[in-house]
Amino acid sequence: MNWLLAVIQTMLFVALAPLLSGWLKWCKCHLQNRKAPSLLQPYRNLLKLTRKQPVVAEHASWIFTKSPYIVFSAMVLAASVVPLIAVDLPSAASADVIVLVGFFAFARFFLALAGLDIGTAFGGMGSSREMTISSLAEPAMLMAVFTLTMTASTTNLSLAIEHVLHEGLVLRPSFVFAMFALILVAIAETGRIPVDNPATHLELTMIHEAMILEYSGRHLALIEWASQLKLMLYGVLIANIFLPWGIAQGFSAQALSYGLLTIIGKLGVLAILLAISETLVAKMRLFRVQEYLSFAYLLGLLGMLSHIILEASR
Amino acid sequence: MNDVNWMDALRQTLAAESIAIESISEVPAVNSGKAAIWRIIDTDWQKLAEQAQTHKLRWSAGWAEQDDDCFIVHALFENQGTYLWTQTLIPLAKPELPSQATVYPAANRSERHTQDMFGIKFSGHPDKRHWTRHKAWGKHDYPLRKDFAVAGQPEHITPPDMDYAFVKSHGAGTYEIPVGPVHAGIIEPGHFRFQAVGELILNLEERLAYTHKGIEKIAEGRTPESLARLAGRVSGDTTVSHAWAACMAMEQAAAVTIPPRAALLRGILAERERVANHLGDLGAICNDVGFSFAQMQFSRLREDWLRTQANIFGHRLLMDCVIPGGVKSDITDADCADIKQGIIQLRNELTDIITALDLNSSLEDRLYTAGLLSTDIAAAYGTLGYVGRASGQDFDVRRDAPYPPYHQVTVKVAFENQGDIASRFWIRYKEIMASMKLIAQFMALLEPGDIAAAWQVPTPGSSGLGIVDGWRGEIVSYVRFTAENSIARFYPRDPSQLNWPALEKLVLNNIVPDFPVCNKSLNGSYSGNDL
């Protein structure tokens, strides 16, 4: 029964990810005084892409053709260990937050290899930039996550969320720092403005898009879907770790549906905030990204220090 | 009075250097400023450029044409608003001329274009490679020669232009990025070859001419009306100014003076074109640094502006509004009221948006100090329009060599000398404001009257030179007639031809991902350059 719930939760995760992207785009369009496409447009795009025949470069190896599947699977596995509407599911117990970071790194590794595989200048350029950014983002992310796990004395996400729920609403400086660090990392890792521009057509400025420039058809659909999943994963992490209230602690129908509604509400608000910030700021110069991510790391470090100094001694 | 001084001084220097001026004449000042024509002996061609350089003349345009028994090569120079039009004759049998590109880097691509199209060899030219010529013509076929058919000799498949020798970089960590001619976005085709180390640009080379349409060749034999239509298609975003320049040249050749009302209407059209394009560019520059909010706002303003044009002039981009002898359609008092209303609205909205942009530090961070073009390089390459004016080149045909209707008003020319992307951004904003003022002034000066003069058939062999200030800068248009009112030679020099080389310089020491915004801040026309 619990395993069935875990599978349903993961499927829900995968199914809702395009909707979140659609909602984000809808908010952005309205903030720019534009008419927005339907919320279902990302689904239509995925459907359209799956119907198209993928065009594969002559010199592509198996890495290029298999990477979309690997990346997508890694993201689905990552989604299965993050509590979406309920804690205490068996899948969450099987893996902890370090494994989650590992899934992200695994997916990125193959995406970067695929970018290099076909040998175009853009793919290599995109991979190089992606690895530069991730090498700076990963320590910042781990630092933020460690602050959390030190408080909860566990690296398991489900247990950590339960710990926060039991503690009640306490304003912890360490959590505030860690949350901001994680938000900054999330923006960088999901390729949003000001680090990367997901809507750009300027090949020389691209990071994530440059790596996947040669993909088409169902390959592209999988990669797009994986990116949408990644965005949702970070959204759920931020929402459920730092503001877990509303998440289902039992498996009654009422608790589960309440849990579903609250996570949809939380993600909706997060997307609005992201849309506002993306409307207000321009993309930064590539060489500013290191300062930005060092700042994220610094916030994570401050969170850890304030935990040790202010909270751990009590 | 200064104007006459440099010309006299140059003449004396030439005499001292024993460079003979075979003949001196003047361009008839029909609908345009004055220019002197000097004919030089071919062997002195380069020495002339050297002396022109010492007298601080700006190289403006260069082209050639085939006469019955010789080629005539032209070079146009300018200083303080006075033009010096130099010509030389070279025999058909041995088409060779000393290169001026050694003295004026601005002449580099122009001479390569002439070499590709006519087979005139420029000896001592610093760059031996082809320019406009890719692989479409046989080795000894020169498309602009008289013996080349207008239809050309098209092959089934044009072989790829693979052996163009780009500059190579060597050393650990340096690599090459080929970009284009097919781009990820919908823009004109052009190839850019970067040499980079990490993200730093070491060198950039442009390879253009992918949009070569044979404008010069298909102009041959056209009627004046038909040529005006063709000129309006040299570069679609500059349709008014190119048509105006071509008409000015034809009117000069035919000695047709346009009525004052036609001149004012042309002025209104040209300034409207400038505003529309600058609005688009302001938005595009913001979009290239990921700030799409601004682009959406500017696109909306541009769209409103274009719709007014469609209502009043019958075409969103004002195509074919300028005809030989005047303009195609008149405007009523009600139209004037609409235009005024549009200007008031645009001014108000623009002030709001610009204030918001000015306060945005993330945008400021991207635009300031990026894509720096120094005053010296801008001068050396003779950059024009907003690119030149943002880098200390204080020149504007409308003010310095005024033609009707600009002789009736005071043109305030926007000027900056920081030379970065922000400068080119703000210059555009200032020019929009100035243009709106000019449109209002022109409308106030409108008196009832004809909007076109009757066309007179020009005497066979007569020629004219039209020089106007398009939104990208000075446009030069050369026209010569044969008998029967038909065109023998048409050469339009778009300002992009002189601005494109500046891009290769201003991206140096910038990083690769900043190239798109550098490029957009210059916004050269591919079509206008490739002809």
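All residue numbers here refer to positions counted from 1 along the written sequence of the relevant chain. Starting at A for chains and at 1 for ligands, labels are handed out in the order in which the entities are written. Restriction of local features to residues with pLDDT of at least 70 applies here, the model being predicted, together with a cutoff of 80 or more for giving and counting side-chain atom pairs; totals for whole chains, interfaces and linings are based on all residues.

> Break down the domain arrangement of chain B for me, with residues and values.
All names here are of chain B. Splitting chain B by domain gives domain 1 (2–123) and domain 2 (215–455 + 464–524). Put simply, the middle of domain 1 and the middle of domain 2, counted by C-alpha atoms, are 27 Å apart. In this assembly, 23 residues from domain 1 lie in contact with 27 residues from domain 2. Secondary structure follows DSSP: runs of H or I at least 4 residues long count as helices, runs of E at least 2 residues long count as strands, and numbering of each begins at the N terminus. Elements represented by at least two residues in the side of domain 1 that touches domain 2 include exactly strand S3 (58–66), strand S4 (70–79), strand S5 (82–91) and helix H3 (108–118). In terms of residue count, S3 provides more of the side of domain 1 that touches domain 2 than any other element does, six residues in total. Segmentation of the chain into domains, including their bounds, is taken from an automatic or database domain assignment. Once C-beta atoms have been placed from the backbone, residue pairs whose C-beta atoms lie within 7 Å are recorded as contacts.

> Summarise the sheet that holds strand S14 (residues 473–481) of chain B; cite the residues concerned and give the values.
Residue and element names in this part refer to chain B. Two strands are counted as paired when DSSP detects at least two bridges linking them. With respect to topology, three strands assemble into an open sheet ordered S13-S14-S15, the strand pairing being antiparallel. The open sheet is flanked by strand S13 (463–470) and strand S15 (487–493), the only strands paired with a single partner. Strand-to-strand twist of the sheet, defined as the mean angle between neighbouring strand axes without regard to direction, takes the value 15°. As judged from the eight bridges shared by S13 and S14, these two strands associate in the antiparallel manner. Paired with Leu-465 across the strands is Tyr-478, a residue of S14. Under this scheme, a helix contributes an axis fitted over its contacting stretch, all axes are lines through C-alpha atoms, and angles between N-to-C directions fall in the 0 to 180 degree range. Along the sheet, helix H6 (residues 239–254) makes contact with S13, S14 and S15, crossing S13 at roughly 150°.

> Explain the nonpolar core to me, and be specific about the residues and the numbers.
The term nonpolar core refers to a set of buried Ala, Val, Leu, Ile, Met, Phe, Trp, Tyr and Cys residues connected through C-beta atoms within 7 Å. Counting other C-beta atoms within 10 Å of a residue's own tells you its class, since 20 or more makes it buried, 12 or fewer makes it exposed, and anything in between is partly exposed; those C-beta atoms are placed from the backbone. Counting residues in each nonpolar core, the largest one holds 248 residues, and the members touching the most others are Ala181(A), Val185(A) and Ala246(B). There are two domains that each give this core at least three residues, and those are domain 1 (2–123) and domain 2 (215–455 + 464–524) of chain B. Excluding its chain neighbours within four sequence positions, the residues that come into contact with Ala246(B) are Leu227(B), Ala228(B), Ala231(B), Gly466(B), Ser477(B), Val479(B), Phe490(B) and Pro492(B).

> Quick one: what's the story with the UniProt feature "transmembrane region" (unreviewed entry) in chain A, residue by residue and with numbers?
All names here are of chain A. UniProt positions are given in the numbering used here, feature names are shortened, and annotations may be inferred rather than shown by experiment. Here, UniProt's "transmembrane region" (unreviewed entry) annotation points to residues 69–90, 97–116, 136–157, 169–188, 231–248, 255–277 and 292–310. Structurally, residues 97–116 is divided into 100% helix and 0% strand, and its ends, taken at the C-alpha atoms, are 29 Å apart. The distance separating the terminal C-alpha atoms of residues 231–248 is 22 Å; by composition the span is 67% helix and 0% strand.

> Mind laying out the interface of chain A and chain B, listing which residues take part and the relevant values?
Facing the 23 residues of chain A at the interface are 24 residues of chain B. Each residue belonging to the side of chain A that touches chain B can be placed in one class, and the counts come to 12 nonpolar, seven polar and four charged. Polarity classes work like this: nonpolar for Ala, Val, Leu, Ile, Met, Phe, Trp, Tyr, Cys and Pro, charged for Asp, Glu, Lys and Arg, and polar for all others, with Gly in that last group.

> Summarise the UniProt feature "domain: NADH:ubiquinone oxidoreductase 30kDa subunit" (unreviewed entry) in chain B; cite the residues concerned and give the values.
Those residues carrying the UniProt feature "domain: NADH:ubiquinone oxidoreductase 30kDa subunit" (unreviewed entry) are residues 68–153 of chain B in this numbering. Between the C-alpha atoms that bound residues 68–153 of chain B the distance is 23 Å, and the span itself is 13% helix and 30% strand.

> Which residues make up the environment of Arg44(A), and what values go with them?
Within the element layout of this structure, Arg44(A) appears in helix H2 (residues 41–51). A tally of 13 C-beta atoms within 10 Å means that Arg44(A) is categorised as partly exposed.

> Give a description of the pairing of S4(B) that names residues and reports values.
Residues and elements named next belong to chain B. Among the 10 residues of S4, eight are classified as buried, and the element is accordingly described as predominantly covered. Of the strand pairs in this sheet, S3 and S4 are connected by eight bridges, and their pairing is antiparallel. If you follow Ala-64 over to S4, its bridge partner there is Val-73. Where S3 hands over to S4, the hairpin turn is made up of three residues, counted between the paired strands. Relative to S5, S4 runs antiparallel, the two being bridged by 10 bridges. By the bridge assignment for S5, Val-73 is matched with Thr-88. In this antiparallel pair of consecutive strands, S4 and S5, the connection spans two residues, and Gln-80 shows a positive phi of 50°.

> Can you lay out the confidence of the model for chain A for me, pointing to particular residues and giving the numbers?
A score between 0 and 100, pLDDT records how confident the predictor is in each residue. Residues at a pLDDT of 70 or more form 99% of chain A, whose mean pLDDT is 91. For chain A, helix H4 (residues 90–94) of chain A is the element with the lowest average pLDDT, namely 81, and H2(A) is the one with the highest, namely 96.

> I'd like to hear about the UniProt feature "binding site: Mg(2+)" (unreviewed entry) in chain B, residue by residue, with values.
All names here are of chain B. Summarizing the sequence annotation, UniProt attributes the feature "binding site: Mg(2+)" (unreviewed entry) to Glu-216 in the numbering used throughout. By secondary structure assignment, the location of Glu-216 is in helix H4 (residues 215–219). If near-sequence neighbours (up to four positions away) are discounted, Glu-216 is found in contact with Leu-144, Phe-490, Tyr-491 and Leu-531.

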